[in-house]
Amino acid sequence: MFMKYTELILKVSSICNLNCDYCYVFNKGDTSYKREPPLLKMELIKPIVHRISQHCDQFKIENFIVIFHGGEPLLESRDFYKSFVYELNQSCMDTRFSYGVQTNATLLTQEWIDFFTGLNVQIGVSVDGTRKASSHRVYRSNGMEAYDNIIRGLSLIKRNNLPVSTLSVMNVEVSPIDVYDHLKSIGVDYADFLYPDMTFDSLVDSRFTSWIIELFDRWYDDITPKPIIRYFDFMIKMLLGENVGYEMLGRGKNRTLCIKTNGDIEIVDSMKVCGNKFTHTGFNVRTNSFLDLEQNEILRMYYLSHSDEVLCMKCRKCTFVNICGGGKLPHRFSVKNGFKNPSVYCQCNMEIISHVKSRLYSDLERYIKTKGV
């Protein structure tokens, strides 16, 4: 089986100006970042571009996404981005390349926005909602909260009439209503929510279920212009029969790769919660093509993580498996059983899907009766 990738998380920085306590890069036991160059060097652009274009040519890939990531990607130079985008755009004329950058926005300036706009790079901002929800996003240098500067960066995006896209880690210590209303108040157009990354050996706070259901109801009942929340949007689409999904939902393949600042080709960083050096594969863009990756058992398992080949027996027999797909792979890991477990968020997922399904189907039934369909 050949693994076809359509998205790359390019780690342009292994350092960050913030220190978030839940960060899987710096604070979950993996120390790889200490041995990696702080920034991705210009000399690696050509081998990375070569591997991407080689892969796109081999599989006739029409669309390929590159997400510039970190650490904090705005610590990288503008010359790097300009050279990388130019080289990749020229490398494979039959593939449409799309670009994004995921930043904490504290270093965002008008100059950066003009620069990324000129390169057609979409800007995503990591913020967890209200000041309280984001209180653990602090500066590495002095421990001061970064919230005000994050919001300043977000406001700058809004003033430039660009779409405001946010990525938030769920924080059950703060009301989901407050989080949602806050995101609306700062003009968010697209919102994504993530569970805190943890393994099956971890103890999950039981409040996540009610927190997400309350968030869904607030969003679902909101009849004013509102942000698209990917987790809910995809779940509804799947319940209506659409073939969509991503790392957290659905039965599709995970077609995302990660390349580090030293050129190493790795599994996505959230897998770091499974153990130190867990994402390391031994492959590097200087010597390996993406076709070599099928030799790595964990990479293959991640690629197929929503398939029966990887799911545990409980998941394969579950009524909701085609919606949740077993959840994210790292959330299924345990020292005892490897990945042959349901997600640590399994009960939460089942209750949320059941709730969304109930609300959606009730409304559809009422609509059909009203319209006499």
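Note: the structure precedes this text.
Values in this document were obtained by computation on a predicted structure and should not be read as measured data.

Colleague: What should I look at first to understand the sheet that holds strand S12 (residues 283-284) in this one?
Modeller: Strands in a sheet are paired, the pairing made by backbone hydrogen bonds, and the direction either parallel or antiparallel. Strand order in the open sheet formed by 10 strands is S9-S8-S7-S5-S4-S3-S1-S10-S11-S12, and the pairing between neighbours is mixed. Taken across any chain shown, the strands that pair with only one partner, and hence form the sheet edges, are strand S9 (228-229) and S12. When strand S10 (residues 256-259) meets strand S11 (residues 264-266), the two strands line up antiparallel, connected through two bridges. The partner of Cys 258 across the bridge, within S11, is Glu 266. Along the sheet, helix H2 (residues 78-91) contacts strand S1 (7-11), strand S3 (63-69) and strand S4 (96-103); its crossing angle with S4, the most-contacted strand, is approximately 155 degrees. Those strands touched by helix H4 (residues 147-159) are strand S5 (121-126) and strand S7 (165-169), and its axis lies near 150 degrees from that of S5.

Colleague: What should I look at first to understand unusual backbone geometry in this one?
Modeller: Trans is the prevailing form of peptide bonds, just as negative phi is the prevailing case for residues other than glycine. Between Gly 70 and Gly 71 the backbone carries a cis peptide bond, its omega angle lying at 20 degrees. Relative to the helices and strands, Gly 71 is located in the loop between S3 and H2. One non-glycine residue, Asn 120, lies in positive phi territory at about 60 degrees. Turning to its location among the elements, Asn 120 is positioned in the loop between helix H3 (110-119) and S5. Despite not being glycine, Lys 277 shows a phi value in the positive range, around 65 degrees. The residue Lys 277 is located in the loop between S11 and S12 in this model.

Colleague: Sorry if this is basic, but what is going on with the pairing of S5 here?
Modeller: Each regular strand displays side chains that alternate between the two surfaces of the sheet. The buried fraction of S5 amounts to five of the six residues, a majority that puts the element mostly inside the structure. Two strands pair when backbone bridges link them, and S4 and S5 are joined in this way by five bridges, in the parallel orientation. Looking at S5, one finds that Thr 103 is bridged to Val 125. Handedness of the crossover joining S4 and S5 through H3 is recorded here as right-handed. The sheet contact formed by S5 and S7 spans three bridges and is parallel. Across the sheet, Gly 124 pairs through a bridge with Ser 165, a residue of S7.

Colleague: Sorry if this is basic, but what is going on with the environment of Glu 43 here?
Modeller: Position of Glu 43 relative to the elements: it lies in the loop between strand S2 (18-20) and helix H1 (45-59). On a C-alpha basis, the gap between Glu 43 and Cys 92 in space is 20 Å, while along the polypeptide they are 49 residues apart.

Colleague: Just to check I follow, could you spell out the nonpolar core for this structure?
Modeller: The tendency in soluble globular proteins is for nonpolar side chains to be buried as a group. Counting 119 residues, the largest nonpolar core has Leu 10, Ile 48, Ile 52, Phe 68, Phe 84, Tyr 195 and Tyr 231 as its most contacted members. Per-element accounting of this core gives the leading share, eight residues, to helix H6 (residues 207-221). The contact partners of Phe 68, leaving out residues within four places of it in the chain, are Leu 10, Val 12, Pro 73, Tyr 81, Phe 84, Val 85, Tyr 99, Gly 100, Val 101, Gln 102 and Val 121.

Colleague: Help me out: how do you make sense of helix H11 (residues 346-371) in this one?
Modeller: Think of an α-helix as 3.6 residues a turn; residues three or four steps apart then line up on the same face. Compared with the 38 Å implied by 1.5 Å per residue over 26 residues, the 37 Å span of H11 between its first and last C-alpha is a close match. All of the buried residues in H11 are Cys 346, Cys 348, Asn 349, Ile 352, Ile 353, Val 356 and Leu 360. The inward-facing, buried residues of H11 abut H6, helix H7 (230-239), helix H9 (313-316) and helix H10 (321-324).

Colleague: Which parts of the structure should I look at to understand the packing of aromatic side chains?
Modeller: By convention here, two paired aromatic rings are described through the distance between centres and the angle between planes. Tallied over the entire structure, the rule returns 28 aromatic pairs. Taking 5.5 Å as the distance between ring centres and 65 degrees as the angle between the ring planes, the aromatic pair formed by Tyr 5 and Tyr 303 counts as edge-to-face. Taken together, the positions of Tyr 5 in the segment before S1 and Tyr 303 in helix H8 (residues 297-303) put the pair 298 residues apart, joining distant regions of the chain. Accessibility expressed as a relative area gives 1% for Tyr 5, which makes it buried. With a relative accessible area of 1%, Tyr 303 lands in the buried category. An aromatic cluster is built from Phe 68, Phe 80, Tyr 81, Phe 84, Tyr 99, Trp 112, Phe 115 and Phe 116, whose rings are joined through pairwise contacts.

Colleague: Sorry, what's going on with the layout of surface pockets here?
Modeller: Unfilled space is identified by rolling a water-sized probe across the atoms. The volume enclosed by the second largest pocket comes to roughly 200 Å³. The class makeup of the residues in the lining of the second largest pocket is seven nonpolar, two polar and four charged.

Colleague: It is not clear to me how the side chain of Lys 11 should be interpreted in this structure. Could you clarify?
Modeller: Along the chain, the position of Lys 11 falls in strand S1. Using a relative accessible area of 3% as the deciding quantity, one classes Lys 11 as buried. A polar side-chain atom of Lys 11 sits 2.6 Å from a polar atom in the side chain of Asp 269. Ignoring anything within four residues of it in the chain, the contact list for Lys 11 reads Val 25, Leu 40, His 69, Gly 70, Cys 258, Ile 259, Lys 260, Thr 261 and Asp 269.

Colleague: Would you explain the packing of helix H5 (residues 176-185) against H6 in this entry?
Modeller: Packed helix pairs are characterised by how far apart their axes lie and by the angle those axes make with each other. As a packed pair, H5 and H6 sit with axes 8 Å apart at the nearest point and diverge in direction by 40 degrees. Classified by the interaxial angle, the pair formed by H5 and H6 is oblique. H5 and H6 meet at a crossing whose hand is right-handed. Where H5 approaches H6, its residues Pro 176, Ile 177, Val 179, Tyr 180 and Asp 181 are matched on the opposing element by Trp 211, Glu 214, Leu 215, Arg 218 and Trp 219. Counted by class, the contact of H5 with H6 contains seven nonpolar, no polar and three charged residues.

Colleague: Explain the environment of Asn 262 to me, please; I cannot follow it from the model alone.
Modeller: As for its position among the elements, Asn 262 is in the loop between S10 and S11. Placed 25 residues apart in sequence, Asn 262 and Thr 287 show a C-alpha to C-alpha distance of 12 Å. What Asn 262 contacts, discounting residues up to four positions off in sequence, is Glu 36, Pro 37, Leu 44, Asn 284 and Arg 286.

The rules behind each value
- Residues numbered from 1 in each chain as written.
- Predicted model: local features only at pLDDT ≥ 70, side-chain atom pairs only at ≥ 80, totals over all residues.
- Heavy atoms only, no water.
- Pairing = 2+ DSSP bridges.
- Helix = DSSP H or I, 4+ residues; strand = E, 2+ residues; numbered from the N terminus.
- Contact = heavy atoms within 4.5 Å.
- Axes fitted to C-alpha atoms, helices over the stretch in contact; angles between N-to-C directions.
- Buried < 20%, exposed > 50% of the residue type's maximum accessible area, 1.4 Å probe, protein only.
- Right-handed = clockwise from strand over helix to strand, strands pointing away.
- Core = buried A, V, L, I, M, F, W, Y, C linked by side-chain atoms within 4.5 Å.
- Expected span 1.5 Å × (residues − 1).
- Phe/Tyr/Trp six-rings, centres within 6.5 Å; stacked < 30°, edge-to-face > 60°.
- 1 Å grid on protein atoms, 1.4 Å probe; cavity = no way out; pocket = protein on both sides within 12 Å on 5 of 7 lines; lining within 4 Å.
- Points joined across faces, edges and corners; volume = space filled by probe spheres on them.
- Nonpolar A, V, L, I, M, F, W, Y, C, P; charged D, E, K, R; others polar.
- Polar contact = N/O pair within 3.5 Å; in protein donor to acceptor, adjacent residues only side chain to side chain.
- Parallel < 35°, antiparallel > 145°, perpendicular 65-115°, else oblique.
- Left-handed = near helix turned anticlockwise from the far one by under 90°.

Spatial relationships are all this shows, so hold off on functional conclusions.
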